[in-house]
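Structure at a glance
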Amino acid sequence: TILVGGESEAKWNEALSFFSDVLQQRATGPYAVASRVGQGAALAKLNRHEEAIASYGKAVKQLGSIEGNRVVSLPALRGSLAVTAEMLRQKGNLRNAVEYAALAARLTSSDICAEKTLFVQPLALLEEQLAEEISSGMRIDTNRMGDTVMDAKFLTQSPEAARLFASAAQHFGELADWNIYDEPRSAEFSWKAAELFAKGGAFDEAGRCYRNFLSQRPEDHRGPTALLRVGQLHYARGELAQAVEAFQECHQRFPRSFDGARALVPMARTYLAMGREKLGDAERALRLVLDDSDVFTPEAGEFVEGLFLLGDVLERDERYEPAISTLQEALDRYPGDPRVLRGRFLLGGAYRKSALAMRVQGREAQGSGDLERIREESARRFRAAREVYRKLIVGLEYRPFGGLDEREQMYLRHSYLYEADCY
């Protein structure tokens, strides 16, 4: 034990040999457990962490059989493991830090909430940090949420990151229960549990946690956000009717809150995903954002998205005149917005489809004085559509085809075809 406290690698290796000798002579009992603890400490100093954790783990398993013995101090062991975990966290070795912290948490008393909180909270934070590190290189699956601006980013998680997020969420849920008489702290832990379940893709657990949070704390300022999250979770799973219900509830219960107002845009997008029969509902939701909102100015992200989305709704509803004016306004106001590509494509489509509709009118107007005017207007709109598609092509074709994502490739291919169609 004295050698382990030294400052040289030689002494740590010498300590290891002594502990090994003790374990060869006695595999159980207080000195065997103490030797495994010492062995773990020496291995940790030698940065042989997998072996150290295995040695500590065996010691922790055997502690129950020597309870009350003075050779091994449980509080000292628990503190040493926690300190080692923190040191490794500071060095960026999160993977091993989690394992040391988990061992420390196992040694807490089941009856002392303050003690459990002291050791379980660092473990939960380490699990979250490691999960974030693992998932930071993962691709965000934007197709699950569409183009909409939403706080909850559902990632394409690796199984390991999902497991760590779920474990951290479970621990934060336990922390909330243990600290039930400290309401602000319990609320923070409960919210954290819901957010981490969502990040890990455990949508059922996340939805349950958000709903419980809202029912238990109806006056909490995060109530609107909880309902917004519930709607987002349903949307991500393709449960569109349930998503609409959650967004409606969020807006109706908290119409003057930021997130209550924000629910209108994803509500409209959800209606849009439900098919043509819901286009009117989508438009009404967007009009509340664009025409009647006390919350959003034209500079707000929700206003920007709502304007582009309204153009989409009108184009799908074959109301080409208002679609053209709405999309043109969005493109003029927000030329640097990521939605410009789709906005231009929709604008070209609105011009082209309205020109085709005029051709039908022209056939019906044979012999009337309006025929020439209709033909001229139809040709003008084909030219306008062609110019829009040409701008799209110029903006995309200078890049290698392999440098475009799947959606950009689709826009480029269709722009070529529709430009030809306009000619």
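To be clear, the structure that these remarks concern was listed above.
A few points on the structure. Worth saying up front: this structure is predicted, and the values here are computed from it rather than measured.

Below, the discussion takes up the environment of A169. Along the polypeptide, A169 turns up in helix α7 (residues 159-178). Take A169: its relative accessible area is 0%, and that puts it in the buried class. Sequence spacing of A169 and A202 is 33 residues, and the spatial spacing of their C-alpha atoms is 9.9 Å. In contact with A169, not counting residues within four places along its chain, are A193, L196 and F197.

A few words on unusual backbone geometry. The residue N47 is not glycine, and still its phi comes out positive at about 60°. Tracing the sequence through the fold places N47 in the loop between α2 (30-45) and α3 (49-62). Non-glycine residue E318 carries a positive phi angle of around 60°. As for its placement among the helices and strands, E318 is situated in the loop between α15 (301-316) and α16 (320-333).

Between its first and last C-alpha, helix α11 (residues 240-253) extends 20 Å over 14 residues, near the 20 Å set by a 1.5 Å rise per residue. Taken as a whole, α11 has its buried residues at L240, A243, V244, A246, F247, C250 and H251. Considered in projection along α11, the buried side chains sweep an arc of 165° and stay on one side of the axis. Set apart from the buried face of α11 by more than 90 degrees, the exposed residues are E245 and Q252.

About the thresholds
- Residues numbered from 1 in each chain as written.
- Predicted model: local features only at pLDDT ≥ 70, side-chain atom pairs only at ≥ 80, totals over all residues.
- Heavy atoms only, no water.
- Helix = DSSP H or I, 4+ residues; strand = E, 2+ residues; numbered from the N terminus.
- Buried < 20%, exposed > 50% of the residue type's maximum accessible area, 1.4 Å probe, protein only.
- Contact = heavy atoms within 4.5 Å.
- Expected span 1.5 Å × (residues − 1).
- Arc of directions from axis to C-beta.

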